[in-house]
Amino acid sequence: MSLIHAKGLEKHYGEQVVLERMNLTVEAGEFITLVGASGCGKTTFLKLLLGTEGVSRGELLLDGKPIPAEPGPDRGIVFQKYSVFPHLTVLGNVIMAEELARAPLTGKLFGAKRREARVAAEKRLAEVGLSHALDKYPHELSGGMQQRLAIAQALMMKPRILLLDEPFGALDPGIRKDMHQLILRLWEEQQLTIFMITHDLKEAFELGSRVWVFDKVRVDPQAPQAYGSTITYDLPTERSKARASSQQPGSGQPGSGQQGSVQTGADQPTPKHEALKTPAHSVSQATLTGGQFNEHTA
Ligand SMILES: Nc1ncnc2c1ncn2[C@@H]1O[C@H](COP(=O)(O)OP(=O)(O)OP(=O)(O)O)[C@@H](O)[C@H]1O
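Structure report, in brief.

Conventions we followed
- Residues numbered from 1 in each chain as written.
- Predicted model: local features only at pLDDT ≥ 70, side-chain atom pairs only at ≥ 80, totals over all residues.
- Heavy atoms only, no water.
- Buried < 20%, exposed > 50% of the residue type's maximum accessible area, 1.4 Å probe, protein only.
- Helix = DSSP H or I, 4+ residues; strand = E, 2+ residues; numbered from the N terminus.
- Near = heavy atom within 4 Å.
- Polar contact = N/O pair within 3.5 Å; in protein donor to acceptor, adjacent residues only side chain to side chain.
- Areas by Shrake-Rupley, 256 points an atom, 1.4 Å probe, with all protein chains shown as cover.
- Salt bridge = Lys/Arg side-chain N within 4 Å of Asp/Glu carboxyl O.
- Pairing = 2+ DSSP bridges.
- Core = buried A, V, L, I, M, F, W, Y, C linked by side-chain atoms within 4.5 Å.
- Domains from an automatic or database assignment.
- Contact = heavy atoms within 4.5 Å.

## As for helix 1 (residues 42–50)
Extensive coverage of helix 1 is indicated by the burial of seven of its nine residues. Within the sequence span of helix 1, burial applies to Lys42, Thr44, Phe45, Leu46, Leu48, Leu49 and Leu50. Looking one or two places after helix 1, you find Gly51, whose phi comes out positive at around 100°.

## Observations regarding the site of the ligand
Lining the immediate surroundings of the ligand are Tyr13, Gln16, Val18, Ala37, Ser38, Gly39, Cys40, Gly41, Lys42, Thr43, Thr44 and His199. Gly39 is positioned with one of its backbone polar atoms (N or O) 2.8 Å from an oxygen atom of the ligand. One of the side-chain nitrogen or oxygen atoms of Thr43 is found 2.8 Å away from an oxygen atom of the ligand. A total of 640 Å² of accessible area belongs to the ligand in isolation, and the protein chains cover 63% of it. Secondary structure elements with two or more residues in the shell around the ligand: strand 2 (16–26) and helix 1. With three residues, the single largest contributor to the shell around the ligand is helix 1.

## Side note on the pattern of salt bridges
Applying the stated criterion across every chain yields a total of 17 salt bridges. For the salt bridge of Arg114 with Glu99, the shortest nitrogen-to-oxygen distance reads 2.7 Å. Of this pair, Arg114 sits in helix 3 (residues 111–127) while Glu99 sits in helix 2 (residues 90–102), and the two are 15 residues apart along the sequence. Given the relative accessible area of 34%, Arg114 is considered partly exposed. Under the relative-accessibility criterion, Glu99 is labelled buried at 2%. A salt bridge links Glu127 to Lys123; the shortest N-O distance between them is 3.6 Å. Residue Glu127 and its partner Lys123 are both found in helix 3; the two are separated by four residues, about one turn of the helix.

## Notes on the pairing of strand 4 (residues 57–62)
Where strand 1 (residues 4–13) lies against strand 4, five bridges are found, and the strand directions are antiparallel. Following the sheet pairing, Ile4 is matched in strand 4 by Leu62. Where strand 4 meets strand 5 (residues 65–66), two bridges bridge the pair, whose relative direction is antiparallel. Directly across from Leu62, in strand 5, lies its bridge partner Lys65. Counted between consecutive antiparallel strands, the loop separating strand 4 from strand 5 contains two residues, among which Asp63 sits at a positive phi close to 55°.

## Brief notes about the nonpolar core
Counting residues in each nonpolar core, the largest one holds 40 residues, and the members touching the most others are Leu125, Ile151, Ile183 and Ile194. Among the secondary structure elements, those contributing two or more residues to this core are helix 2, helix 3, helix 4 (143–155), strand 7 (161–165), helix 5 (173–189) and strand 8 (193–197). If you tally residues by element for this core, the top one is helix 4, at seven residues. Looking at this core, you find at least three residues from each of domain 1 (4–74 + 160–297) and domain 2 (80–158). For Ile151, the contacting residues outside a window of four places in its chain are Val78, Val128, Phe168, Met179, Leu182, Ile183 and Leu186. The next biggest cluster of nonpolar side chains, apart from the first, holds 29 residues, and it includes Ala6, Val18, Leu19 and Trp212.

Geometric values such as these leave the question of function open.
Below, the structure is given as structure tokens:
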């Protein structure tokens, strides 16, 4: 059974169709990067996976069951803007993540449970390279360190799925490289399935095992809200080939090495009355330049 399966998935906000015709499977251990013009629904898709937004039509299944209507410990998320508590130390922030998850009513753990949480938090912070900064406050950290802290928080409950919404968008190039290495190491060591939004195509192809391009296939200039985005391209990268070959029987590597699939929106018939544009052209332009995903690609 696939980890994630979507069939005829749609998401609407009132009259606005944000996502439509989403048919896809994702296997455990994949690293999906999501690209597309601003406002095309990438964050909305992550929110559906997280459970903070519900599906409007069709289905979105996790392990064959509808995704629960609230975030669970099996899914962690990191946003571009640092989502840490400013009044707590680095260590306090990560312990708080554990407390909120394990004692949602009081937000507090006591005695042996708190000591366990502290040991676990120190371990998570060591994994992201923040052991030297346990007593610092967020305002004393660099942008890269704050994102390491947000990742440690997201990993505290040992999620199977990590959702990253432009996590490195605000960081300098040198720091981004370090963060890439960190996230690839965590992906492998913790056998995570990752969905990561980025506007940087180079980053998308370097990190992901599959790159998904979100775009509209159907556009009605008279009713711009009538049609939503779908996945127009599902592109396996070099990493997916490396992953598949390293996971051949006898290689000693974990995971299935399998890849899911997408029925791209571009494959699907489009009614004649709808004004069409050509996503294939715009995407290849963006891919060739290898730069940011710009508005002109929408
Ligand atoms: N809670 C909401 N209520 C109403 N409309 C919303 C809501 N959340 C998102 N939208 C709309 O859904 C559309 C898609 O937004 P979304 O944030 O998913 O796009 P995105 O591809 O992640 O954009 P960006 O790359 O700029 O972050 C936008 O038009 C946005 O205004």
